[in-house]
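Now for the letters of each chain:
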Amino acid sequence: MALITANRVRFPNDPWKLVETSHEPGDAGTLETLFALGNGHLGVRGAHWAAADAELPGSFINGFHEIWDIKHAENAYGFARTGQRILYIPDANNFAVIIDGETLSLAESTVLDYRRSIDFATGIYECRIVWQCRSGAMVTTVERRAVGFETRGSVGISLEVSADREVSADVTSSVINRQDQPVEDHSTHDPRRAGRHAGRVLLPLRMEGGDGSLRLSWEAAESKQRVGIAVDHWTSAGHQPFDTLVDQDDSSVRYVLAIAAHEPFRLEKSVSYAVARGTRTGLPGAADAEAGEDPADAAEAGLKPVGDVFAESEAHYRNYWATADILVGGQPELQQAIRWNLFQLAQATARAGVAGIPAKGVTGSGYDGHYFWDQEVYLLPYMTYSNPDGARQVLEFRHEMLPDAKIRAKELSVDGALFPWRTINGLESSAYYAAGTAQFHIAAAIAFATNRYVWASGDADFRAGMGADLLIETARMWASLGFFGKDGLFHIHGVTGPDEYTAVVNDNLYTNVMARFNLRAAAALDHPAVDDAERELWEAAAERIQLPFDEHFQVYSQDNDFMTLEPWDWTTPRSKYPLLLNFHPLVIYRHQVLKQADTVLAMFLQWQEFTAEEKRRAFDFYDPITTGDSTLSACVQGIMAAEVGYGKAALEHFTNAVFIDLDNSHGNTIDGVHIASTGGVWSSLVCGFAGLRDQGPVPFFDPRLPAEWDTLRFHLKLQGRPLLVELDQEAITLTVLDGEALDIDVRGVRFTVASQPVRIPLEPVHVPEPSVFPSGPPTASIPLVRAH
């Protein structure tokens, strides 16, 4: 059942905030994700401050993880050996408030008024609750939180307690090590969820505290990464702590005082984290602490007053929204959801540094905090056109993985570099190779993102250096993975494409199309590492690559055998979806059913390689058999529906995508925001409805504004210049806000765009007749032959 859209009284539609006006039990964990704060490096889930009111609270640092030896039931050469899992760092977002002997909690106390919000414009979380205490006092608590941006390891938390009469108050502020708390392991039932470690993970290094200050540090038992936290407290009227207790799992600062009527007690909690590289595995991004330095000392150096942290957050988002906002005219409900998605993109990427972007950002432990192809295909388009420096840092992080990727390539008997399907530290950690290692297409995703970044930014230094390395080493992998068959064509066998419901196949169309791009991009380089023979090999492989095509249906086949599979039984009840949780993989693999867009995605990314008719027929064939069990699917299906002229379907897919987490439509938002889907929302608006296509001679627009929308407005950064794009039902208007003019193609006509707006009239989009394909089993019309 929908969450946000189903109850607009509880969750009113505010264009710049997510607001909850009443507390109801049952969905606390999902809301902890929706109200989370982060900056790409550090994340704090949006849990209530009282332990009794939290379901899955916690904080995370991007890349801070533990490792373990994977135990395969049946081993084989080349299987992933080392598991990696993001860790819950010691969490500072905890308070206990006792008024006249009553411990306040939403679960047990009487609540007169309740309102909490997260402000997209400032990045500040606020929760205001009015309590009717058993003593007769009416007490108001207001908690506010923000994470730092200039100081990316900092958190500011304030708690204000006021009353209508004098009360005795007992307020405890805690730092809790949640990683080593006993929690049920849900991962055995759902592979999307994070597992737990059997033994103790965080080993205490330093445990010091006094006079309201805490200096604490731990080391992960196996990865040897270290985390430190420094906490200082400040109170109004200079109240001194009653006591300060230090423990490896629960350290606290306690205040016992009388609160006079209408004289609030304010407690400010300044928190700073720092991490240090381990001795056995690297930590993504630059470490905060030097080798041998106690990370608690580095954390102390990053402490800032709470007011300064709030100011940092406000300044960051003031700058962010000036160019990152996407305005949709006449759709207020969608506008709130769009901004929430854009806000999540900022929270997942802004200060990640030279690191990857986890599939759940820093909002939860889902997918164990791993980096997938999501970041290159779904997140780097947004980053390339809004935060190109951040996009470069992600690609630099991939470049840091090259040594391990080359070793992995040798393990799988290919040349060049083979990047891990899922990882934190650069090693493959996917224990199920059919839906992991076999997804070789991650190599093309990295090459594609590299080429897009260079094309959009004009970064010549990156192209000549790291970018060339990434393109060349991935091209070498494809050239050795594939082979020239007896038919003279270049084939790539034994791979899994984006659709994980069809695994280990021959000539997956998406993989081959993207490999062709990769080979061509590398062959086009003028680089001393590439000789003529290698260049000719790449060019020949690209030219002769096999692209499966079904002559009967006149549709590109997802792979060589996809059209021969038995159709899925579409009378399967909705309770049996997602299929991966209800059917053995072999059952799914032998049927014609998709988890997510595959061939359709290939036609979006390689838009110049297919005709309009080929795209339309592919969409018509594959869209009805795509379950949408993956959150990566709706956005792509919507983009291609818009391109082929199906406006209603495009808007339906987009609406599904924009509310995936807000309505918890996949049932696992509790584990964190689906960050790739939020990136897909950006692409749906920019590439779907505005029709941007890139990596051609010049930027290309073919707008497809939904009939229900009045306008669409956004900014792009192209070649170092800000481009303003404004779209209405009759025209697209383009303006270069600063710098030299840009040549831009709109529906096949090239325009030179400078500081004066260029308004280009648009003809209505033709709505084609959909292709009609047989439904049901292909043998349904064949008479049954009985034996006599």
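The structure we're discussing is the one just above.
Reading the values: rules and limits
- Residues numbered from 1 in each chain as written.
- Predicted model: local features only at pLDDT ≥ 70, side-chain atom pairs only at ≥ 80, totals over all residues.
- Heavy atoms only, no water.
- Helix = DSSP H or I, 4+ residues; strand = E, 2+ residues; numbered from the N terminus.
- Rg over C-alpha atoms; globule rule 2.2 N^0.38 Å.
- Buried < 20%, exposed > 50% of the residue type's maximum accessible area, 1.4 Å probe, protein only.
- Contact = heavy atoms within 4.5 Å.
- Areas by Shrake-Rupley, 256 points an atom, 1.4 Å probe, with all protein chains shown as cover.
- Lys, Arg positive; Asp, Glu negative; His and termini not counted.
- Charge placed at Lys NZ, Arg CZ, Asp CG, Glu CD.
- Axes fitted to C-alpha atoms, helices over the stretch in contact; angles between N-to-C directions.
- Parallel < 35°, antiparallel > 145°, perpendicular 65-115°, else oblique.
- Left-handed = near helix turned anticlockwise from the far one by under 90°.
- Nonpolar A, V, L, I, M, F, W, Y, C, P; charged D, E, K, R; others polar.
- Phe/Tyr/Trp six-rings, centres within 6.5 Å; stacked < 30°, edge-to-face > 60°.
- Lys NZ or Arg CZ within 6 Å of the ring centre and 35° of its normal.
- Pairing = 2+ DSSP bridges.
- Polar contact = N/O pair within 3.5 Å; in protein donor to acceptor, adjacent residues only side chain to side chain.
- Core = buried A, V, L, I, M, F, W, Y, C linked by side-chain atoms within 4.5 Å.
- Salt bridge = Lys/Arg side-chain N within 4 Å of Asp/Glu carboxyl O.

Asks: Outline the overall build of the chain, listing residues and values.
Replies: From N to C terminus, the chain includes 17 helices and 35 strands. Its C-alpha atoms give the chain a radius of gyration of 27 Å, within 12% of the compact-globule value 28 Å for 788 residues. Counting only residues that meet the buried cut, the chain has 63% of its 788 residues in that class. For the chain, restricting intrachain contacts to residue pairs at least 6 apart in sequence, the fraction spanning at least 24 positions comes to 67%. Looking at the chain as shown, the accessible area adds up to about 29500 Å², and 51% of this sits on carbon and sulfur atoms. Side-chain charges of the chain comprise 65 positive and 105 negative groups, with the mean position of each set lying 1 Å from the other.

Asks: So what about the packing of helix 5 (residues 374–386) against helix 17 (residues 675–689)? Which residues, and what values?
Replies: A packed helix pair is summarised by two numbers, namely the angle formed by the two axes and the spacing between the axes. One can describe the packing of helix 5 onto helix 17 by two numbers: an axis separation of 8 Å at closest approach and a directional angle of 50°. Judged by the inter-axis angle, helix 5 sits oblique to helix 17. Handedness of the crossing formed by helix 5 with helix 17: left-handed. Where helix 5 approaches helix 17, its residues D374, Y378, L379, P381, Y382 and Y385 are matched on the opposing element by I675, A676, G679, G680, W682 and S683. In terms of residue class, the contact of helix 5 with helix 17 is made up of 8 nonpolar, 3 polar and 1 charged.

Asks: Before we move on, can you summarise the packing of aromatic side chains with the specific residues and values?
Replies: Here the distance between the centres and the angle between the planes together describe a pair of aromatic rings. Applying the stated criterion across every chain yields a total of 35 aromatic pairs. Ring centres of W373 and Y378 lie 5.7 Å apart, and the angle between their planes is 90°; on these two criteria the pair is classed as edge-to-face. Accessibility expressed as a relative area gives 3% for W373, which makes it buried. On the basis of an interplanar angle of 10° and a centroid distance of 6.1 Å, the ring pair of Y385 and W682 is categorised as stacked. Placement of Y385 in helix 5 and of W682 in helix 17 is noted, with a sequence separation of 297 residues between them. Grouped by ring-pair contacts, the aromatic residues W16, F120, F149, Y317, Y320, W321 and F343 constitute a single cluster. In this arrangement the basic side chain of R116 is found over the ring face of F35, its NZ or CZ atom lying 4.4 Å from the centre. The ring of Y577 has R574 lying over it, and the distance from NZ or CZ to the ring centre is 4.1 Å.

Asks: So, the pairing of strand 13 (residues 154–163): which residues are in play, and what are the values?
Replies: Burial of strand 13 is extensive: 9 of the 10 residues sit out of reach of the surface. Two successive antiparallel strands, strand 12 (residues 138–147) and strand 13, enclose a turn made up of 6 residues.

Asks: Run through the pairing of strand 8 (residues 91–99), naming residues and quoting values.
Replies: Of all 9 residues that make up strand 8, 7 are buried, and the element is covered over most of its length. In this structure, strand 8 lies alongside strand 14 (residues 167–176), joined through 7 bridges in antiparallel fashion. Considered in strand 14, the bridge of A96 is made with T172. In this structure, strand 8 lies alongside strand 9 (residues 102–103), joined through 2 bridges in antiparallel fashion.

Asks: Lay out the sheet that holds strand 35 (residues 758–761) with the relevant residues and their values.
Replies: Pairing between sheet strands relies on hydrogen bonds along the backbone, with the strands arranged either parallel or antiparallel. Read across the open sheet, the 5 strands follow the order 21-30-31-32-35; overall the sheet is antiparallel. Each edge of the open sheet carries a strand with a single partner, namely strand 21 (327–328) and strand 35. Here strand 32 (residues 731–736) runs beside strand 35; their pairing, made up of 4 bridges, is antiparallel. Each residue of the ladder has a partner; that of L734, found in strand 35, is V758.

Asks: Before we move on, can you summarise the packing of helix 5 against helix 8 (residues 442–457) with the specific residues and values?
Replies: At a closest axis distance of 10 Å, the pairing of helix 5 and helix 8 adopts a crossing angle of 10°. Taken as axis vectors, helix 5 and helix 8 run roughly parallel relative to one another. Facing helix 5, whose interface residues are E376, V377, L380, P381, T384 and Y385, helix 8 presents A445, I446, A449, R452, Y453, W455 and A456. Residue composition of the contact of helix 5 with helix 8, by class: 10 nonpolar, 1 polar and 2 charged.

Asks: Would you mind going over the side chain of R476 in detail, with residue names and values included?
Replies: You can see R476 is positioned in helix 9 (residues 460–481). A polar contact of 2.8 Å, which involves the side chain of R476, links it to the side chain of E534. Residues contacting R476, with those up to four places away along its chain left out, are D415, G416, A529, E534 and W538.

Asks: Quick one: what's the story with the nonpolar core, residue by residue and with numbers?
Replies: Ranked by internal contacts, the top residues of the largest apolar core, which has 215 residues, are W373, F701 and L712. Ranked by residues supplied to this core, first place goes to helix 8 with 12 residues. Membership of the second largest hydrophobic core comes to 7 residues, among which are A274, A276, A299 and L303.

Asks: Can you explain the pattern of salt bridges? Please cite residues and give values.
Replies: Summed over the entire model, instances satisfying the criterion amount to 45 salt bridges. Between R254 and D170 there is a salt bridge, with the nearest N and O atoms lying 2.6 Å from each other. Of this pair, R254 sits in strand 19 (residues 250–259) while D170 sits in strand 14, placing them 84 residues apart in sequence. Residues R215 and D232 are paired through a salt bridge, measuring 3.1 Å at the closest nitrogen-oxygen approach. Highlighted residues: R215 in strand 16 (residues 213–220) and D232 in strand 17 (residues 226–235), separated in sequence by 17 residues. For R215, a relative accessible area of 11% puts it in the buried group. Accessibility expressed as a relative area gives 27% for D232, which makes it partly exposed. Through salt bridges that share partners, R10, E20, E24, D27 and R116 make up one connected network.

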